Amino acid sequence: MTLKPTGSVTISIDGTDRSAKAPLIPGTLGPDVADIRKLYGDLGIFTFDPGYGGTAACDSKITYIDGDNGILLHRGYPIDQLAEKSSFLEVCHLLLNGELPNAAEKEAFEKGVLRHTMVHEQLRSFYNGFRRDAHPMAVICGVVGALSAFYHDSLDINDPDHRRISAFRLIAKVPTIAAWAYKYSIGQPFVYPRNDLGYAENFLYMMNAVPAEEYKVNPVLAKAMDRILILHADHEQNASTSTVRLAGSTGANPFACIAAGIASLWGPAHGGANEAVLKMLAEIGHKDNIPDFIAKVKDKNSNVRLMGFGHRVYKNYDPRAKIMERTCHEVLTELGIKDDPMLDLAMELERIALSDEYFISKKLYPNVDFYSGIILKAMGIPVSMFTVLFAVARTVGWVSQWKEMVEDPAQRIGRPRQIYTGAPQRDYVPVEKR
Ligand code: ACO
């Protein structure tokens, strides 16, 4: 897309008469961005921004976050409206295509995606190559990557039809692959998808049903799962999305790119945080131990963090966390859990942290993962599947961002620079002289 500057920033090297102008580009919302692409040519210098906290790596129309005010918009629609009124597949249409579908488009899109839920039968044998106690993230990373070895008819990234079909395939097949990773880990037979069920309902069905018995998914839990998927569907240029874009910028096929995104999501600083929150709550054990735990978090030498708190972009309450807390109460009520010690502990931990100067001064608030683990645990989802579930939801975000990038004629390979701090050039020394 052509970006139109509305001003410029002058960058000058102190003590010299050398300076250059960087065009200033406005977005629809958010701060202006200085375009430094010509800086090296003009001044012979690079910018340094490890962690990319101050760098826009692309222009995008998909998701907007105002971290100071706790706002998250998908294609302009606030996340709370989507979570309350929409459905996951409708949000998938919105993210992928830019608009909410009308009734006919919605039906066609849902049918189009859902008819791809089965995986090539040969793919089943991949599971046998894994140990039964393998982490399901390891399994889905491998099996999703393997999709590129099966769907040769949708690998041409320059063909819009191939892009559409591979997007549908990924959104439809990742839940099947994820549920099978779980079934494999507990030694139960794989349950084939049912396209007469809703997206979230089908996922819960494949996770929980067994061929020997009838299984009906609780509609309240299916609705809650659908909402959890919406809340995780996309989140701008986070680590895993940037990984997908970087892999995709080389022309790699979408299945390989999404496998790269899954690998990036796995870490505890990103998608692994919901798993880490439950481990943390189990370690704290009781409300009486909260002050000691908070003291450890505040101790610079302890390396202990309050998991599910803090965010690179949100310096306010993560809007998804509020919806997640509400959903948590709904799910526990539906399941007849009146007093959940884990939830009580989490709420007390949140209350204490939000009134503590350490967290206030650093603007650390609950993020989406603080309550999601408690809901998922109550729904009977094993802890090792939490990050997998995040990957199921985020697949549409990754695919939408990948598609937007591939369709941008200005797209180039991603290739950051560095400050080299190693040895200067030197001559090879033969081993006997070292
Ligand atoms: N607990 C205690 N202190 C924290 C926490 C936390 N959860 N998060 C940040 N801080 C402190 C840091 O120690 C640092 O303090 P300092 O300025 O005295 O050095 C300051 O706040 C800034 O922290 P950074 O690590 O520089 O912030 P960054 O933006 O790099 O990290 C991150 C963001 C990784 C999410 C961090 O807040 C964190 O580790 N949180 C816990 C893990 C978590 O919940 N991750 C999920 C993120 S949401 C998602 O991926 C879906």
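Preceding this paragraph is the structure being described.
Residues numbered from 1 in each chain as written. Predicted model: local features only at pLDDT ≥ 70, side-chain atom pairs only at ≥ 80, totals over all residues. Heavy atoms only, no water.

Draft legend 1. Structural detail: the packing of helix α3 (residues 88-97) against helix α4 (residues 103-114). Following both chains from N to C, one finds α3 and α4 inclined at 95 degrees, their axes separated by 10 Å at the closest point. Taken together, the axes of α3 and α4 are roughly perpendicular relative to one another. Residue-level inspection shows Leu89, Glu90, Cys92, His93, Leu96 and Asn97 of α3 in contact with α4, the latter providing Glu105, Lys106, Phe109, Glu110, Val113 and Leu114. When the residues that make up the contact of α3 with α4 are grouped by side-chain class, the tally is six nonpolar, two polar and four charged. (Axes fitted to C-alpha atoms, helices over the stretch in contact; angles between N-to-C directions. Helix = DSSP H or I, 4+ residues; strand = E, 2+ residues; numbered from the N terminus. Parallel < 35°, antiparallel > 145°, perpendicular 65-115°, else oblique. Contact = heavy atoms within 4.5 Å. Nonpolar A, V, L, I, M, F, W, Y, C, P; charged D, E, K, R; others polar.)

Draft legend 2. A look at the pattern of salt bridges. By the definition in use, this model includes 17 salt bridges. The partner of Asp133 in a salt bridge is Arg131, and the shortest N-O contact between them spans 2.8 Å. A single burial state applies to Asp133 and to Arg131, both of which are exposed. The partner of Arg164 in a salt bridge is Asp161, and the shortest N-O contact between them spans 3.6 Å. Of this pair, Arg164 and Asp161 both sit in helix α7 (residues 160-186), separated by three residues, roughly a single helical turn. By relative accessible area, Asp161 is classed as partly exposed at 43%. Through salt bridges with shared partners, one network takes in Arg163, Lys403 and Glu407. (Salt bridge = Lys/Arg side-chain N within 4 Å of Asp/Glu carboxyl O. Buried < 20%, exposed > 50% of the residue type's maximum accessible area, 1.4 Å probe, protein only.)

Draft legend 3. A look at the sheet that holds strand β3 (residues 33-34). With antiparallel pairing, the three strands of this open sheet are ordered in space as β1-β2-β3. For this open sheet the edge positions go to β1 (7-12) and β3, each flanked by a neighbour on one side alone. Looking at chain direction, β1 and strand β2 (residues 19-25) are connected through six bridges and run antiparallel. Residue Gly7 lies in a different strand from β2, and its bridge partner there is Leu24. (Pairing = 2+ DSSP bridges.)

Draft legend 4. Spotlight on the site of the ligand. Taken together, 20 residues surround the ligand, and among them Lys300, Arg305, Leu306, Arg312 and Lys362 come closest. Between a nitrogen atom of the ligand and a main-chain N or O atom of Leu306, the distance comes to 2.8 Å. Protein chains shield 74% of the accessible area of the ligand, which is 920 Å² for the free molecule. Among the residues forming the shell around the ligand, the class breakdown is 10 nonpolar, five polar and five charged. (Near = heavy atom within 4 Å. Polar contact = N/O pair within 3.5 Å; in protein donor to acceptor, adjacent residues only side chain to side chain. Areas by Shrake-Rupley, 256 points an atom, 1.4 Å probe, with all protein chains shown as cover.)

Draft legend 5. Molecular detail of unusual backbone geometry. The residue Glu236 is not glycine, and still its phi comes out positive at about 60 degrees. On the secondary structure map, Glu236 appears in the loop between α9 (219-231) and α10 (239-248). Residue classification places Glu236 among the partly exposed residues on the basis of a relative accessible area of 25%. A positive phi angle, close to 65 degrees, is found at Asn303, a residue other than glycine.

Draft legend 6. Highlighting the packing of aromatic side chains. Going through the model one piece at a time under the given rule, you end up with 15 aromatic pairs. When the centroid spacing of 4.6 Å and the interplanar angle of 20 degrees are considered together, the rings of Tyr40 and Phe46 count as stacked. Classification of Tyr40 by relative accessible area gives partly exposed; the value is 48%. The exposure class assigned to Phe46 is partly exposed, which follows from its relative accessible area of 36%. (Phe/Tyr/Trp six-rings, centres within 6.5 Å; stacked < 30°, edge-to-face > 60°.)

Draft legend 7. Quick peek at the sheet that holds strand β6 (residues 77-78). Strand order across the open sheet formed by three strands is β4-β5-β6, with antiparallel pairing between neighbours. Of all strands in the sheet, those with a lone pairing partner are β4 (63-66) and β6, marking the two edges. Where β4 lies against strand β5 (residues 71-74), four bridges are found, and the strand directions are antiparallel. For Asp66, the partnering residue across the bridge sits in β5 and is Ile71.

Draft legend 8. Looking closely at the pairing of β5. Between β4 and the antiparallel strand that follows it, β5, lie four residues; Gly70 among them carries a positive phi value of about 65 degrees. Hairpin connection between β5 and β6: a loop of two residues separates the two successive antiparallel strands, and Arg75 in this loop has a positive phi of roughly 50 degrees.

Draft legend 9. A look at α9. Taking 1.5 Å as the rise per residue, α9 with 13 residues should run 18 Å; its terminal C-alpha atoms sit 18 Å apart, in good agreement. Within α9, the full set of buried residues consists of Leu221, Ala222, Ala224, Met225, Asp226, Arg227, Ile228, Leu229, Ile230 and Leu231. Elements in contact with the buried residues of α9: α2 (79-85), α3, α8 (199-208), α14 (319-334), α17 (369-378) and α18 (386-406). Two to three positions downstream of the cap, the backbone nitrogen of Val220 sits 2.8 Å from a side-chain oxygen, assigning the N-cap of α9 to Asn218. (Expected span 1.5 Å × (residues − 1).)

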